Amino acid sequence: MASYLGMKYLRPFAVIPARTVRARHTYSPLAWSIILVVLLGTGCSQEKDAFLNRTYHRLTSRDNGWFNANEKLKEVVTGIEDNHIDDFDEVLPLFIYGSEGEARNAIPELEKCIEKCSLVIERHSMDIKGEEKNTWMDDAWFVIAKSNFYKRNYYEAERGFSYISRRFKGQNRQHESMVWLARTAIELEQFAKAQSALDNVRGEKVLPKKFDHAELSAVQAELDLKRGKVDDAIIHLEHAVSIVKRKRERVRWAFILAQLYEMKGHEEKAIKQYAAVVKMGPPYELAFHAQINQALAFSKGSTKVLRQKLNRMLRDDKHVDHFDMIHYALADLDLKDRDKPAAIANLETSAQVSTTDTRQKAKSWMKLADLYFDDRIYASAQAYYDSTRTLLPEEHIRFAEVVTRAEVLGELVEQLAIIELEDSLQELSGLDEKELEKRIRGMIRDKEREEAEKEQREAEARALAEADPEARPSSPAPRSGGSGNWYFYDPQQVSRGTTDFRKRWGTRKNEDDWRRKDKSGSALAESVEEEGMEMLEEAIRDKEKGGEEWRELSFYTKDIPKDDSAIEASNARICNALYICGMIYKEQLKDTDNAIESFENLNSRFDECKYTPESFYQLYRIYLEKEQVENYFAMDGMGSDYYANIILDRYPDSEFARLVRDPNILQADEARRLVEEAAYKEVYDRYRSYMYSSVISSCNRVINDEPRNHYQAKYHMLRAMAIGGLRDGSGFRNALVEITTKFPGTDEAKAASELLATLGAGESSSSSGTPDPPSSPFKKEQGKHYFALIVTNSGNDMTTIKARLADFNFSFFGQAGMEFTNNFLDPEHQIILASFFTSKVKAMEFYDLFVNDAATLAGINDQGFPAFAISPANYTELFKNKDVEGYSSFFSANYLQGQ
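Residues numbered from 1 in each chain as written. Predicted model: local features only at pLDDT ≥ 70, side-chain atom pairs only at ≥ 80, totals over all residues. Heavy atoms only, no water.

A. Region of the structure containing the overall build of the protein. When you go through the protein residue by residue, the secondary structure sums to 38 helices and six strands. A burial count over the protein gives 40% of its 899 residues as buried. Within the protein, contacts between residues at least 6 apart in sequence are counted, and of these 62% link residues at least 24 apart. A total of about 51,300 Å² of accessible surface is found on the protein, and carbon and sulfur atoms cover 52% of it. (Helix = DSSP H or I, 4+ residues; strand = E, 2+ residues; numbered from the N terminus. Buried < 20%, exposed > 50% of the residue type's maximum accessible area, 1.4 Å probe, protein only. Contact = heavy atoms within 4.5 Å. Areas by Shrake-Rupley, 256 points an atom, 1.4 Å probe, with all protein chains shown as cover.)

Written as structure tokens, this is what we have:
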């Protein structure tokens, strides 16, 4: 470059007189500095295609802006990948892009990358005659597009990658941008566009030497997986694994390849591939799951070698947090060896030794529930399903099934318990006084022995906790019944408590003072809490004293039926429970064998009870279906004809006899039900459109003119809700009461009862005679409003929260001019203000979206920070008196209760 500068700029001196040339040697260093500055100034021009200009802009682009932005982007991406937690129950993602929350947290850093590269483009682009002379411009655009991709701003990323591939043909980022364009299209579920981009890259005759062919194959595999083409994905991923140079990608892709082999049933290939992953020196989690998955993928042959490997892992303390998975894998081998008792024992151990992995505990409990369910041991299955649903995430594919089975089996277990209790009481009623006392004394001794064993277990647990405070007690396995269990070990009680807690408080972090907004504490708060704990402990002691009734004979004899009327009432309860059990078996569990047993038990025990005709008819329908579908033939003659004759002989004028004589009535009835369903949906759609008067009119017509309509209960409920929509409180209440009276035991009656309980609570609180609260300094106002969020200083980045709120606002409202500011409210809290909304209604719209957004604002709206809409005048008052709790109460009374 020095010789070039000498030739280009000093050549004119060659024709100057000699004395002038000699004078040149006397120039001072300052003069040379001035000359150099002039030369550099000339090189800064973006319009001149000269070597100096190109060199200057390329060096400055690379070393100043692009390098720093690219390093920052690498740092962000590495952080996202390092923070990612894989779900090994699913096929792992080939590429890690982070969650929505992580993307939002990374926005400030990614914006810096975009800003730096935008400045590089603005100051150093050399677009001369339609050709870019600065070879670092495609790199700058590439950083901008990738930054938008990781921000989840996919449409901007797509535009960026498309621009690079068109504008910078022949440069080093052209083909890489096409691959990233495909990755962007995959995230947008534009699979045809993604395939087109990949095909364009493959269609190139010559690709750059440094082009990443492994990435191209991996992206193609990801696209195939999204399209459900697993076989094609395996082919492309095999190629990617064989040529990828970076260890991190090679290990991950090799593990995913093994998962795909397992998914397609290629067990031997899967086991071999998992073993290969272990030899690659992977991170701990991948290595551990590769070993576990070898056992889970195994399906034939001897399990001895795998069992030895798993047992060796159990002896290694570094796996202590994963012992639950190891026992689960051993249970899987037990099932493959058809040793179900051993499998159940390993699954129970898996749940008991579980430490932090609630997903694995849920898997173990669910597997136990499935095993008991398949064996028709419904009481145990119900307990495990009930426990599973407390840990299973709602997005799990089997969540709805688990909840349904827990509820259905819960009702079944309840009815079976009624039968068992009534049978026991009737048995006791047949004993003479001495024998009865002897039997009860034995029951008391058994109970005392259970209590002593329980106290001993609790004492041992306390001693263990005192000896090792860090030890985590294992949760006992769920039991099929609630009696005899300590309250907190009863899964049904825990499940109900968890559900009720979430309904009232939502999902709360497990920490001290979870209910308090200010966790710093105060002497007054501590004294109140201590007093409350003393009262609670005293109440528990009183309850325990009351619980000693089981030691008295009268505790057992009070419910024993002592005369014919009491025996008759007991039999009625048994009849009712047997029929409900039979219907649950038949309709909800599709267990015809147990259904037949339940109905036949009812008919054999009682010559005539409330459900005898229905029981015979259900047996007729069960055997008729078996004969038609399974070609069943009753060797003992007790098939559908047998029960049909009983119905026709004993109940000739009943509805059941009519259905037996003309089975086509059922088909006609089903056709009528479908018509009625369509009509109901039409009325329901009008209700959703707030056409309450029209809905009430239609409901009244069906209720009065179609008493046999299959949707009578639903029409009553819909009418009640429409009356409530018209703000007729008295009519709403009366309509709900009518539902509970006319349709007991239905879902509609249950919902109506819950609504009545809510209305009753509101009425009692409003009429309790409590004195009016003191006058509030805050005033009811309409007009301009702010949205305010009170945030604790400790552990919160105000800039990040404001950025996320701004993005949230723009996503839902598109109000780019909304301003988010923060000020100190007191030394511990800041108030973030969104200003402003033109009306109270607009502010409440923002508030409602803020409160109910579970994904976008995770980490902000689920932290218990006070949030509310507030007028400017009330904001001024709040800033003066700092009474956040007072304004929250005002807001609840005047903004929320009126909605």
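On we go.
B. Looking closely at the packing of helix 31 (residues 692-705) against helix 32 (residues 712-725). Interaxial distance between helix 31 and helix 32 falls to 9 Å at its minimum, and their mutual angle equals 150 degrees. Here helix 32 runs roughly antiparallel to helix 31, going by the angle between their axes. When you trace helix 31 past helix 32, the crossing you get is left-handed. Seen from helix 31, the contacting residues are Tyr 692, Val 695, Ile 696, Cys 699, Asn 700, Val 702 and Ile 703; seen from helix 32, they are Gln 712, Tyr 715, His 716, Leu 718, Arg 719, Ala 722, Ile 723 and Gly 725. (Axes fitted to C-alpha atoms, helices over the stretch in contact; angles between N-to-C directions. Parallel < 35°, antiparallel > 145°, perpendicular 65-115°, else oblique. Left-handed = near helix turned anticlockwise from the far one by under 90°.)

C. A look at the state of the cysteines. Applying the stated criterion to the full structure yields one disulfide. Shown here is the disulfide that connects Cys 575 with Cys 609, its sulfur atoms set 2.1 Å apart. The disulfide joining Cys 575 to Cys 609 has a torsion of about 60 degrees about its S-S bond and is therefore right-handed. One end of the pair, Cys 575, is in helix 25 (residues 564-588); the other, Cys 609, is in the loop between helix 26 (592-605) and helix 27 (612-630), and 34 residues separate them in sequence. The same class applies to Cys 575 and to Cys 609, which are both buried. (Disulfide = S-S within 2.5 Å.)

D. Inspection of helix 11 (residues 230-243) at higher detail. The terminal C-alpha atoms of helix 11 lie 20 Å apart, and with 14 residues this matches the ideal 20 Å at 1.5 Å per residue to within 8%. Residues of helix 11 that are buried include every one of Val 230, Ala 233, Ile 234, Leu 237, Ala 240 and Val 241, and no others. Along helix 11, the residues classed as buried sweep out an arc of 130 degrees about the axis, all on the same side. Exposed side chains of helix 11 directed beyond 90 degrees from the buried face belong to Ile 235 and Ser 242. (Expected span 1.5 Å × (residues − 1). Arc of directions from axis to C-beta.)

E. Region of interest: helix 16 (residues 323-336). With 14 residues, helix 16 should cover 20 Å at 1.5 Å per step; its first-to-last C-alpha distance of 20 Å lies within 8% of that length. Burial within helix 16 is extensive, with twelve of its 14 residues counted as buried. Restricting attention to buried positions, one finds in helix 16 the residues Phe 323, Asp 324, Met 325, Ile 326, His 327, Tyr 328, Ala 329, Leu 330, Ala 331, Asp 332, Leu 333 and Asp 334. In the core, the buried residues of helix 16 are packed alongside helix 14 (284-297), helix 15 (304-314), helix 17 (340-353) and helix 18 (358-374). One or two positions beyond helix 16, positive phi appears at Arg 338, with a value near 60 degrees.

F. Expanded view of the pattern of salt bridges. A complete count under the given rule lists 52 salt bridges for this structure. Note that Arg 719 and Glu 738 form a salt bridge whose closest N and O atoms lie 2.9 Å from each other. With Arg 719 in helix 32 and Glu 738 in helix 33 (residues 729-742), the pair connects residues that are 19 residues apart, well separated along the chain. Its relative accessible area of 13% is what places Arg 719 among the buried residues. Note on Glu 738: relative accessible area 26%, which makes it partly exposed. In the salt-bridge network here, residues are joined through shared partners; they are Lys 72, Glu 75, Glu 109 and Lys 112. (Salt bridge = Lys/Arg side-chain N within 4 Å of Asp/Glu carboxyl O.)

G. Main features of the packing of helix 5 (residues 100-124) against helix 6 (residues 137-150). Between helix 5 and helix 6, the least distance of the axes is 9 Å, while the angle of their chain directions is 160 degrees. On the basis of their axis angle, the class for helix 5 and helix 6 is roughly antiparallel. Here the hand of the crossing between helix 5 and helix 6 comes out left-handed. Residues Ala 103, Leu 110, Cys 113, Ile 114, Cys 117, Ser 118, Val 120, Ile 121 and His 124 of helix 5 pack against Met 137, Ala 140, Trp 141, Val 143, Ile 144, Ser 147, Asn 148 and Tyr 150 of helix 6. Classifying every residue of the contact of helix 5 with helix 6 by side-chain character gives 13 nonpolar, four polar and no charged. (Nonpolar A, V, L, I, M, F, W, Y, C, P; charged D, E, K, R; others polar.)

H. How the structure looks around the sheet that holds strand 3 (residues 785-792). Strands sit in the order 4-5-3-6 across an open sheet of four strands; the sheet is antiparallel. Each end of this open sheet is capped by a strand with a single partner; those strands are strand 4 (819-826) and strand 6 (867-870). The average undirected angle you get between the axes of adjacent strands in this sheet is 25 degrees. Bridge count for strand 3 against strand 6 is four bridges, and the pairing is antiparallel. Bridged to Tyr 786 within strand 6 is Ile 870. Each of strand 3, strand 4 and strand 6 touches helix 38 (residues 884-896); the most contacted strand, strand 6, lies at about 70 degrees to it. (Pairing = 2+ DSSP bridges.)

I. Focus on unusual backbone geometry. Within the chain, Arg 376 stands out as a residue other than glycine whose phi angle is a positive 60 degrees. The residue Arg 376 is located in the loop between helix 18 and helix 19 (378-391) in this model. For Arg 376, a relative accessible area of 39% translates into the label partly exposed.

J. Quick look at the side chain of Ser 598. Residue position: Ser 598 is located in helix 26. Taking the relative accessible area as the measure of exposure, Ser 598 reaches 7% and is therefore buried. Polar side-chain contacts of Ser 598 include one of 2.7 Å to the backbone oxygen of Leu 578. Setting aside residues up to four positions removed in sequence, Ser 598 forms contacts with Leu 578, Cys 581, Gly 582 and Tyr 585. (Polar contact = N/O pair within 3.5 Å; in protein donor to acceptor, adjacent residues only side chain to side chain.)

K. Inspection of the nonpolar core at higher detail. Grouped together as the largest cluster of nonpolar side chains are 74 residues, with contacts concentrated most on Tyr 150, Leu 237, Trp 253 and Phe 255. Looking at this core, the element that brings in the most residues is helix 12 (residues 247-263), giving nine residues. When neighbours within four sequence positions are excluded, Trp 253 is seen to be in contact with Leu 94, Phe 95, Ala 214, Glu 215, Ala 218, Leu 237, Ala 240, Val 241 and Val 244. (Core = buried A, V, L, I, M, F, W, Y, C linked by side-chain atoms within 4.5 Å.)

L. Up close: the pairing of strand 4. As paired elements, strand 4 and strand 5 (residues 829-837) share seven bridges and run antiparallel to each other. When the sheet's bridge partners are listed, Phe 820 is paired in strand 5 with Ala 834. Taking the residues that link successive antiparallel strands as the turn, the strand 4-strand 5 hairpin has two residues.

M. Molecular detail of the confidence of the model for the protein. Per-residue confidence for the protein averages 79 on the pLDDT scale, and 80% of its residues sit at or above 70. This model gives residues 1-27 a pLDDT under 50, and the stretch forms ten contacts once residues within four places in sequence are excluded. Scored below 50 in pLDDT, residues 761-773 makes one contact in the model with residues more than four places away or belonging to other chains. (pLDDT = per-residue confidence, 0-100.)

N. Structural view of the environment of Arg 621. Topologically, Arg 621 is positioned in helix 27. You can call Arg 621 partly exposed: its relative accessible area is 27%. Residues Arg 621 and Tyr 643, spaced 22 residues apart in sequence, show a C-alpha to C-alpha distance of 9.0 Å.

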